[in-house]
There are 2 protein chains.
Amino acid sequence: MAKRDPIITLEECSYRKILDIVSSKWAVLVMAVLSGGTKRYGELRRRIADISQKMLTQTLKQLERDGLVERNAIPSVPPTVEYSLTPLGQTLIPHFAQMRQWANEYYDSVERARMDYDRKAENPAAGEQR
Amino acid sequence: MAKRDPIITLEECSYRKILDIVSSKWAVLVMAVLSGGTKRYGELRRRIADISQKMLTQTLKQLERDGLVERNAIPSVPPTVEYSLTPLGQTLIPHFAQMRQWANEYYDSVERARMDYDRKAENPAAGEQR
DNA sequence: CTGTATCCGCCTGGATACTG
DNA sequence: CAGTATCCAGGCGGATACAG
């Protein structure tokens, strides 16, 4: 009856915590742009291809809530709002670099694996005959 | 008219590539369990709390397609199927460790930021008076 | 310029039942 | 034991219209 079968739960899993933050497909792009310095709302929109207003706003709000991005609204007409990474947000930059490094190094292998897999799925007899 | 406003697209972004693989909430858990060695289907089910059959099967299939996990079916009665990390899959382990490390170091800050943010949202005048 | 609000299609993912 | 098949609710995310 010893404890030989540890159960992993979602809550225990530290990976998950960072994934909750970073797995949004837009969040990493926004932070990537902000890593280059403070940007205004419209500038972010223009820099990130295919992001909708809704998603940009939503992503920024979430990142602000998580303490990763700081919002600075300047009460002027027309209004100006600047966004920048907080010190906490900055700590993720090297982590992103690591992710990019892995992708650069191994993503080709993944793509090759996918092609092999799909080819075999379409033609199960491949490698056996003909 | 110089190129002073680089546009980031989803496709260019290397972060995305690894996120496509890893951002599935179950994928990291499955790989975490498999990092401890070869496991059978049922064992994975028991080890990972709250995972449904569908999600386990689906996740394993995707990881296999990506070349990160290897499936080894032994034709016996009843059938036995073993799953293990491929060498390519192994290369992600240290990366997961990094993710866990960041979470351990900074996640408290994120939670505090969230509480602050939510408190201010509910009570906008907080910090000004009282 | 910087958002908010609404509608809505699509996909993810859970529950359930069935198969080799 | 190790899946497959199907149904279905809920949330994500896009398009559009409107506001301060």
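The name recorded for chain A in an unreviewed UniProt entry is Helix-turn-helix transcriptional regulator, from Cohnella zeiphila.

### Section: the overall build of chain A
Scanning chain A from terminus to terminus reveals six helices and three strands. The N-to-C order of helical and strand elements in chain A reads α-α-β-α-α-β-β-α-α. Looking at chain A residue by residue over its 130 residues, the buried ones come to 39%. Pairs at least 24 residues apart make up 45% of the contacts formed inside chain A by residues separated by at least 6 positions. As displayed, chain A offers around 7,800 Å² of accessible surface, 47% of which is attributable to carbon and sulfur atoms.

### Concerning the protein's contact with DNA strand D
If you check the shell around DNA strand D, you find 20 residues, and the closest are K54(A), M55(A), G42(B), R71(B) and Y83(B). Looking at DNA strand D alone, sugar and phosphate atoms form 56% of those within 4 Å of the protein. Between DNA strand D and the protein, one listed contact pairs a phosphate oxygen with a side-chain N or O atom of R40(B) at 3.1 Å. One of the backbone nitrogen or oxygen atoms of G42(B) is found 2.8 Å away from a phosphate oxygen of DNA strand D. The element best represented in the surface near DNA strand D is helix α4 (residues 53-65) of chain B, accounting for four residues. Looking at the surface near DNA strand D residue by residue, the class counts come to eight nonpolar, six polar and six charged.

### Re the sheet that holds strand β1 (residues 39-40) of chain A
Judged by pairing direction, the sheet is antiparallel, and its three strands sit side by side in the order β1-β3-β2 (chain A) without closing on themselves. Where the open sheet ends on each side, the last strands, each with one partner, are β1 and β2 (69-74) of chain A.

### Comments concerning the packing of helix α2 (residues 25-34) of chain B against α4(B)
All names here are of chain B. With their axes 10 Å apart at the nearest point, α2 and α4 run at an angle of 75 degrees to one another. Between α2 and α4, the crossing angle belongs to the class labelled roughly perpendicular. Where α2 abuts α4, its residues W26, A27, V30 and M31 lie against M55, L56, T59, L60 and L63. In terms of residue class, the contact of α2 with α4 is built from eight nonpolar, one polar and no charged.

### Structural notes on the protein's contact with DNA strand C
Surrounding DNA strand C, one finds 19 residues, the nearest of these being G42(A), R71(A), Y83(A), K54(B) and M55(B). When the atoms of DNA strand C within 4 Å of the protein are sorted by group, sugar and phosphate make up 52%. The side chain of Y83(A) places a nitrogen or oxygen atom 2.7 Å from a phosphate oxygen of DNA strand C. Separating a base nitrogen of DNA strand C from a side-chain N or O atom of Q53(B) is a distance of 3.5 Å. With four residues, the top contributor of residues to the surface near DNA strand C is helix α4 (residues 53-65) of chain A. Per-class residue counts for the surface near DNA strand C are eight nonpolar, five polar and six charged.

The rules behind these values
- Residues numbered from 1 in each chain as written.
- Chains lettered and ligands numbered in written order.
- Predicted model: local features only at pLDDT ≥ 70, side-chain atom pairs only at ≥ 80, totals over all residues.
- Heavy atoms only, no water.
- Helix = DSSP H or I, 4+ residues; strand = E, 2+ residues; numbered from the N terminus.
- Buried < 20%, exposed > 50% of the residue type's maximum accessible area, 1.4 Å probe, protein only.
- Contact = heavy atoms within 4.5 Å.
- Areas by Shrake-Rupley, 256 points an atom, 1.4 Å probe, with all protein chains shown as cover.
- Near = heavy atom within 4 Å.
- Polar contact = N/O pair within 3.5 Å; in protein donor to acceptor, adjacent residues only side chain to side chain.
- Nonpolar A, V, L, I, M, F, W, Y, C, P; charged D, E, K, R; others polar.
- Pairing = 2+ DSSP bridges.
- Axes fitted to C-alpha atoms, helices over the stretch in contact; angles between N-to-C directions.
- Parallel < 35°, antiparallel > 145°, perpendicular 65-115°, else oblique.

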